[in-house]
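Residue-level structure breakdown
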Amino acid sequence: MIPGDVAAVALTPPGAGPRHGVLVTADQVLLGPLDDLVEGVRRVEAASSPRWVWWSADEAATPLVAAGVAPARAWDVAEAHRLLHGGWHVTPGLAWAAAHGLAAHDVAAPPTGDLFELVSDRAVADPASAVLPDGHLRGDHAEWLRDPGHLEAWARAAVETAHLQHDAAGRTSTRLVGTVHAESAAALLCVELLRDGLPLDRARTEELVADAAGPRPTTDAEEVAARRGRDALVLRHAPGREATDLRNPAQVKELLASVGVDVPNTRKWVLEPYRDVNPLVAALLDWRRDERIATTYGYRWLDAHVGADDRLRGRWTACDGAAGRMTAENGLHNLPAALRPGVAAHPGFALVRADLGQIEPRVLAVVSADASFAAATRADDLYAPVAQRLGVERPVAKVAVLAAMYGQRSGAAGEALKGLERAYPVAMAFLDRAYDAGRRGEPIRTWGGRLVPTGRFLAASPPGTDPQLDAARGRFARNAIIQGAAAELFKAWAATVRATTRDLGAQVVLCLHDELLLHAPLEHAEEVAARVDRALDDAARRWAQGAPVRFVSDTSVIARWSDAKD
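Before going into details, it helps to say that this report is about the structure given with it. (Residues numbered from 1 in each chain as written. Predicted model: local features only at pLDDT ≥ 70, side-chain atom pairs only at ≥ 80, totals over all residues. Heavy atoms only, no water.)

**Considering unusual backbone geometry**
- With a phi angle near 65 degrees, Asn330 is a residue other than glycine that sits in the positive phi range.
- Of note, Asn330 is situated in the loop between β9 (327–328) and β10 (349–356).
- Asn330 gets classed as partly exposed once you look at its relative accessible area, which sits at 25%.
- You will see that Gln545, though not glycine, has its phi angle at about 50 degrees, which is positive.
- Using a relative accessible area of 46% as the deciding quantity, one classes Gln545 as partly exposed. (Helix = DSSP H or I, 4+ residues; strand = E, 2+ residues; numbered from the N terminus. Buried < 20%, exposed > 50% of the residue type's maximum accessible area, 1.4 Å probe, protein only.)

In structure tokens:
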């Protein structure tokens, strides 16, 4: 039985002729061509705004979003499974089995065409049933669903799984149901992000690429010549070593040693202090910046991923399979700072950029329930009161707080951390417990209830067999318990922003860790910015559940992403 506040959607697989879909509510079943389904969903959403249940947003929401339908609420079975059981991999069969307490290793696999499958016990299942005689979900659903008559059973199986997940989430954590709601909204937002894309000024972006990579080559020879030209700007500072391959770290290390710069490795953070010691170092660092643009974000990248509408598109996912951060492809999460001036509002629009301030330490104050640390979050700059309490300079206090969350104990960080442990013992003890659990390979749950199976991290060496790897697992857990909670707050905020700015024509076009970027009509941009800030207050209040912790955002209306303050 489907409750009145729930509606389910299922579709035939793409690529097998015209697609069909089914909409199932408490009092109706609408089965028909995709266009009819879209209109049915639109009507039901407008009339009652139910919570839409589907196996995954990628599968079910994509054609709805493409048609301009914007469901407000969802329960995404795949995202709920990831929260409850950890990791990334999930199929309908796995989600069904986990919800019903069935063994994962017995989940029915997709058919391979092997002759023995024809005589297996599973082959005698009711052809109209989504469930096999052993209680597992059928594994041949991709082919089975080509018959639209099977869609209703598939949709009802999703609802049954969702109800069991809901009950399991409630038993697991008082906050996990709310986390599933936010995670499902984030998965839906991911579909919209792919549809809408990130607005670019194509001409300016091409100029920025040309600054780094040179003019657009028309032949392979021109491309090789441009590459050699970039290399020469570095190698001219080391006469006699023009044959050095700058893409080979060992040769680069030898090159640096030849000019008196002896470093343990050639990573950027190691080389940066030597920038003014020898001009070769500065040239090498600039070369790396330009080489990255030329090879990864160059003309081929522009041609492949920026559409005719001047939007950069890539696939988004609601979680990374670890602590739960959103991820994206095609450079959307790794765009070099040098290309940010190319991210620009289109005519008649503005960008609204909002960046959460000092999010991880503020999250630590919530999840650890450290009242003294929570008091520090009342300040715009959390590190100032922490520094005052520790009796140190602000930069030292910042190092101490970051060291606590990332597990760094050497050098100045280690000394600063001792003071932090004395001043905020509750917060530090919370982090230490996560570290100890990680060392033992025990799973941890974030504030919102996401399972993080630390035993899978560095799984080549079982916990207790290698002290160095055990320590690495501990540091991973120490950080994941905070990063995961921060990701949960961020997604709750992003979902609230999506819901509260939609009527003004605003689109969320980028979700970058702790930063939101919206594309909004120019006449509504200031109101959108105000609503983004209110959305943070609302989302943080619900997420923190009364904890006296203040969250802040640097929100501004800008024309280009590079106009925002760092």
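**Some words on the sheet that holds strand β14 (residues 515–521)**
- Overall, antiparallel pairing links the 4 strands, which are arranged β13-β14-β10-β15 in an open sheet. Each edge of the open sheet is held by one strand with a lone partner, namely β13 (507–512) and β15 (553–558). Each adjacent strand pair in this sheet contributes to an overall mean axis angle of 15 degrees, direction not counted.
- Each of β10, β14 and β15 is contacted by helix α21 (residues 525–544), which is oriented at about 165 degrees to β15, the strand it contacts most. (Pairing = 2+ DSSP bridges. Axes fitted to C-alpha atoms, helices over the stretch in contact; angles between N-to-C directions. Contact = heavy atoms within 4.5 Å.)

**Thoughts on the sheet that holds strand β4 (residues 51–54)**
- Read across the sheet, 5 strands follow the order β3-β2-β1-β4-β5 without closing on themselves; strand pairing throughout is mixed. Only two strands of the sheet have a single partner each, and these edge strands are β3 (29–33) and β5 (73–76). Across the sheet, the axes of successive neighbouring strands diverge by a mean angle of 20 degrees, strand direction being ignored.
- Across 5 bridges, the pairing between strand β2 (residues 20–24) and β3 is antiparallel. Looking at the pairing, Gly21 lines up with Gly32 of β3.
- Helix-sheet contacts for helix α1 (residues 34–48) involve β1 (6–11), β2, β3 and β4, and the interaxial angle to β3 is about 145 degrees.

**So, the pairing of β1**
- The buried count for β1 comes to 6 of 6 residues, which makes it a mostly enclosed element.
- Neither face of β1 is open: one carries Val6, Ala8 and Ala10, the other Ala7, Val9 and Leu11, and all of them are buried.
- The pairing of β1 with β4 spans 3 bridges and is classified as parallel. Looking across to β4, one finds that Val6 is bridged to Arg51.

**Digging into the nonpolar core**
- Counting 125 residues, the largest nonpolar core has Val363, Val386, Leu420, Trp493, Trp543 and Phe551 as the members making the most contacts within it.
- For this core, the leading source of residues is helix α20 (residues 467–501), giving 12 residues.
- Excluding its chain neighbours within four sequence positions, the residues that come into contact with Trp493 are Ala354, Leu356, Asp514, Leu516, Val532, Ala535, Leu536, Ala539 and Ser553.
- With 32 residues, the next largest nonpolar core counts Trp75, Val90, Trp154 and Ala169 among its residues. (Core = buried A, V, L, I, M, F, W, Y, C linked by side-chain atoms within 4.5 Å.)

**Focus on the pattern of salt bridges**
- Here the structure, examined in full by the defined rule, presents 38 salt bridges.
- Across the pair Asp140 and Arg138 runs a salt bridge whose closest N-O atoms are separated by 2.6 Å.
- Owing to a relative accessible area of 27%, Asp140 belongs among the partly exposed residues under this scheme.
- Note on Arg138: relative accessible area 10%, which makes it buried.
- Glu207 is the salt-bridge partner of Arg204, the closest N and O atoms lying 3.1 Å from each other. Linking Arg204 with Glu207, this pair stays in helix α8 (residues 202–213), spanning 3 residues, or about one helical turn.
- One connected set of salt bridges, linked through shared partners, spans Arg230, Asp231, Asp245, Arg247 and Glu291. (Salt bridge = Lys/Arg side-chain N within 4 Å of Asp/Glu carboxyl O.)

**Here's the deal with the packing of aromatic side chains**
- This structure, assessed with the given rule, holds 7 aromatic pairs.
- Ring centres of Trp447 and Trp543 lie 5.9 Å apart, and the angle between their planes is 55 degrees; this geometry places the pair in the tilted category. In this pair, Trp447 is assigned in the loop between β11 (444–445) and β12 (451–452) and Trp543 in helix α21, connecting sequence segments 96 residues apart. Each member of the pair Trp447 and Trp543 is classed as buried.
- Taking NZ or CZ as reference, Arg175 lies 3.6 Å from the ring centre of Trp447, over its face.
- Against the face of Trp561 rests Arg340, its NZ or CZ located 3.7 Å from the ring centre. (Phe/Tyr/Trp six-rings, centres within 6.5 Å; stacked < 30°, edge-to-face > 60°. Lys NZ or Arg CZ within 6 Å of the ring centre and 35° of its normal.)

**As for the environment of Arg275**
- Considering the arrangement of structural elements, one finds Arg275 in the loop between α11 (268–271) and α12 (279–296).
- C-alpha of Arg275 to C-alpha of Leu188: the two residues are 87 residues apart in sequence and 45 Å apart in space.
- Those residues within four positions of Arg275 in sequence are excluded, and the remaining contacts are Val281, Ala282, Leu285 and Asp286.
- A polar contact is formed between the side chain of Arg275 and the side chain of Glu272, at a distance of 2.7 Å. (Polar contact = N/O pair within 3.5 Å; in protein donor to acceptor, adjacent residues only side chain to side chain.)

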